[in-house]
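A look at the structure
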Amino acid sequence: MCGIIAAASTRNVGKLLVQGLHKMEYRGYDSAGIALHQNDSIAHLRALGKVQLLEDKMVAEKPKSKLGIAHTRWATHGEPSEINAHPHQSKNNVYIVHNGIIENYIELRESLIKDGYEFLSQTDSELIAHLLDLYLKQSNNMIDAMYLAKAKLEGAYAIAAIDINDNESLVVARNKSPLLLGLGTDEILAASDPLAIGQLTNEFIFLEDGDVAEISAEAYTIFDANKKQVTREITKIDISSQATSKGEYKHYMEKEIYEQPQAILNTIDGRIGGDDVLDNIFGLGSAELFAQVERIQIVACGTSLHAGRVAANWFSSISELPCQVDYASEYRYRNPHVDKNSLLITISQSGETADTLAALRYAKEKDYLGSVGICNVPTSSLARESDFVLFTNAGPEIGVASTKAFTTQLAGLMLLALSLAKSRELNPILRKRVVTALRTLPEVIHETLKLKDQILAIAPAIASKDNALFLGRGVFYPIAKEGALKLKEISYIHAEAYPAGELKHGPLALIDENMPVIALAPESEIAEKLVSNLEEVKARGGTLYVFADPSVTMDVNNGAVISMPKCDFLLTPIIYTIPLQLLSYEVALLRGTDIDQPRNLAKSVTVE
Ligand code: M6R
């Protein structure tokens, strides 16, 4: 999704701004642009498509500047085009970049047109430049103009703005969209994503909603929502030391799939000891709070929601708690009834997903015992706004398709199920069994990754089709959904998932030789029933690709049965995810899609 970077420095900033845009490419975008202050003019360059095209323009024009703003755009209002790309400007006086959505843009646009402003783009963002220009005329300084503009703006935004009459400082503002400052040597930076400026500094200030900040090469000043000057904490993080290169791999997604044994180890490390989960791993006081829990509500989106659906089974079987799972985008709109002693759980890789954050903020007004976040980004809004949090420690996930984030979320959610059971003094023998199995999990994942050759053998048959059906039962149904999501998002093959028992209630009509069926058949009490469901597919000419426990035998038309490594049943959903990730990756590779940045998608979805 959109990315902002801004810099005020004693050196030329063009190159570092473009490098910052490259670092944010993983988020997904359709165009890029830059505005560089050149004392009496602004160099304004934009390009539809990759950041490299913008960089080519920069190389051709070689603009020099010590103050600038830059942006990658992911279209919300208006098609992807150069004219809709940021920065937007007003009368060559004010240039802005914006992340988020201005909800009252129609009304503001009309009023600005009446004030004589001409709109060149179809975006909601352009009006911010005009508003700032209007208010600069009244106030003569950008901080005051920003507060006047903020009073008019409804919605979510992170903004960076430069004024033609000020070649030393720029102004940024944050409301419900991430924005941070970076304190460099002889330069101060602002960005929506720490990765954009992580090579330039280890010192970050995470702005809060309502904040406005002015930055120059030597100084910064932050004001809060009430325009009171404030001091915000400086957080030290060494982002440059976190592995963000592809190394020997073709794609980040491939690298992240193979990182899973280590990532899972990092999730459980220091959180289990002896035969049990350790106390208070979700934060001080969490063990006491968990003892009071009588009901669980999970909210999340996409892959994180699938992790929640798997975990709901564990909360039931291990923690003996009822659990409801909602799409974060739907939760607020169903007028949810909150039972006494309910715990809210949010799950998010990025911790910046707008729908999940909005659900958390909404839930805070309700009568929950407290909120627990399962999150991969310690500096995220979700981490800061949750009462308790468990970081999945997966390391940066750059590929848009979530892989290691998902399996580490599952490991984190298993730790939560165990912690709840422990606080409620339930199932000590089962807890011991799961803790023992968790210790072997990285090794079992390592074994599972060796299935690559067998997956390579079936990938061409799936890559040549336009549709695919994924089947699973019980806790494997959300895993089947995750498999279908992976396949559709990176290979653009239409894929759906069903609980296998539902086949005969409709989807069986789709089965023919052009509909590959990918099924998950672990050893379970319903394995036989699942095999019967798969026979129904076979009898109708469907080709089956079954990931199965070695004990499950069946004949498949021209498809394949791939035997899975053994592990404790409760952890098998994690193991069965791995071949589905590998399969979608290999299929996408054959289809030649943009695997790390699939079309139309963004890594971190910061608009509702
Ligand atoms: O950062 P989050 O976990 O909150 O993101 C939620 C979804 O946008 C994300 O899982 C999305 O579905 C992935 N692209 C799936 O691979």
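Computed from a prediction, not measured in an experiment: that's the story for all the values here. Numbers given to residues run from 1 along each chain, matching the order in which its sequence is written. This being a predicted model, a pLDDT of at least 70 is required before a residue's local features are given, and a value of 80 or more before pairs of side-chain atoms are given or counted; all residues contribute to the totals for chains, interfaces and linings. As a rule here, side-chain values come from all non-hydrogen atoms in the structure, and water together with hydrogens is ignored.

**Remarks on the packing of helix α10 (residues 302–317) against helix α14 (residues 404–423)**
What counts here: Here an angle of 0 to 180 degrees is reported between the N-to-C directions of two axes, which are lines fitted to C-alpha atoms, with helices fitted over the stretch in contact. What counts as a helix is a DSSP run of H or I of at least four residues, what counts as a strand is a run of E of at least two, and both are numbered from the N terminus. We call two directions roughly parallel when the angle between them is under 35 degrees, roughly antiparallel when it is over 145, roughly perpendicular when it lies between 65 and 115, and oblique otherwise. Here a crossing is called left-handed whenever its near helix is offset anticlockwise from the far helix by less than a right angle, and right-handed whenever the offset is clockwise. The contact rule is simple, with two residues in contact once any of their heavy atoms fall within 4.5 Å. The nonpolar class holds Ala, Val, Leu, Ile, Met, Phe, Trp, Tyr, Cys and Pro. Asp, Glu, Lys and Arg form the charged class, and all remaining residues, Gly among them, are polar.
Remark: α10 packs on α14, axes separated minimally by 9 Å, with the N-to-C direction vectors making an angle of 30°. If you check the angle between α10 and α14, you find them roughly parallel. In the crossing of α10 with α14, the sense of the turn from one axis to the other is right-handed. Of the residues in α14, those in contact with Thr303, Ser304, His306, Ala307, Gly308, Val310, Ala311, Trp314 and Phe315 of α10 are Phe406, Gln409, Leu410, Leu413, Met414, Leu416, Ala417 and Leu420. Of the residues in the contact of α10 with α14, the class split is 12 nonpolar, 5 polar and no charged.

**A closer look at the nonpolar core**
Note that soluble globular proteins tend to have their nonpolar side chains buried in a common cluster. Short version of the rule: Buried Ala, Val, Leu, Ile, Met, Phe, Trp, Tyr and Cys residues form a nonpolar core when they are joined through side-chain atoms within 4.5 Å. With a 1.4 Å probe rolled over the protein chains alone, any residue whose accessible area is under 20% of its type maximum counts as buried; one over 50% counts as exposed, and the rest are partly exposed. Source of the domain bounds: an automatic or database domain assignment.
If you look at the biggest cluster of nonpolar residues, it comprises 91 residues, and the most contacted ones within it are Trp314 and Ile345. Of all the elements, α14 adds the most residues to this core, at 11 residues. Among the domains, domain 2 (252–426) and domain 3 (450–591) are the pair contributing at least three residues each to this core. Aside from chain neighbours lying at most four places away, what touches isoleucine 345 is Ile296, Gln297, Ile298, Val299, Phe315, Val372, Ile374, Leu413 and Leu416. By size, the runner-up hydrophobic cluster in this structure holds 32 residues, among which are Ile34, Leu45, Ala191 and Tyr252.

**As for the pattern of salt bridges**
We count it as follows: Salt bridge criterion: a side-chain nitrogen from Lys or Arg within 4 Å of a carboxyl oxygen from Asp or Glu.
Counting across every chain of the model gives 26 salt bridges. Between arginine 334 and aspartate 326 there is a salt bridge, with its nearest N and O atoms 2.6 Å apart. Overall, aspartate 326 belongs to the buried group, its relative accessible area being 8%. For the salt bridge of glutamate 385 with arginine 361, the shortest nitrogen-to-oxygen distance reads 2.8 Å. Here glutamate 385, found in helix α13 (residues 381–385), pairs with arginine 361, found in helix α12 (residues 354–364); they are 24 residues apart in sequence, far enough to count as distant. Residue classification places arginine 361 among the partly exposed residues on the basis of a relative accessible area of 23%. The structure contains a network of salt bridges with shared partners spanning Glu208, Asp211 and Arg232.

**As for the site of the ligand**
Defined as follows: For this description, a residue counts as near a given molecule or strand if any of its non-hydrogen atoms is within 4 Å of it. Polar contacts here mean pairs of N or O atoms no more than 3.5 Å apart (in protein, one a potential hydrogen donor and the other a potential acceptor; neighbouring residues in sequence count only if both atoms are side-chain atoms). Surface accessibility follows the Shrake-Rupley procedure with a 1.4 Å probe radius. Residue values consider only the protein chains on display as shielding.
Near the ligand there are 15 residues, and of these Ser304, Ser348, Ser350, Thr353 and Glu489 occur at the shortest range. Between an oxygen atom of the ligand and a side-chain N or O atom of serine 348, the distance comes to 2.6 Å. Separating an oxygen atom of the ligand from a side-chain N or O atom of lysine 486 is a distance of 3.0 Å. Within the complex, the protein chains bury 90% of what would otherwise be the 420 Å² of accessible surface of the ligand. Its residues assigned to classes, the shell around the ligand shows 5 nonpolar, 8 polar and 2 charged.

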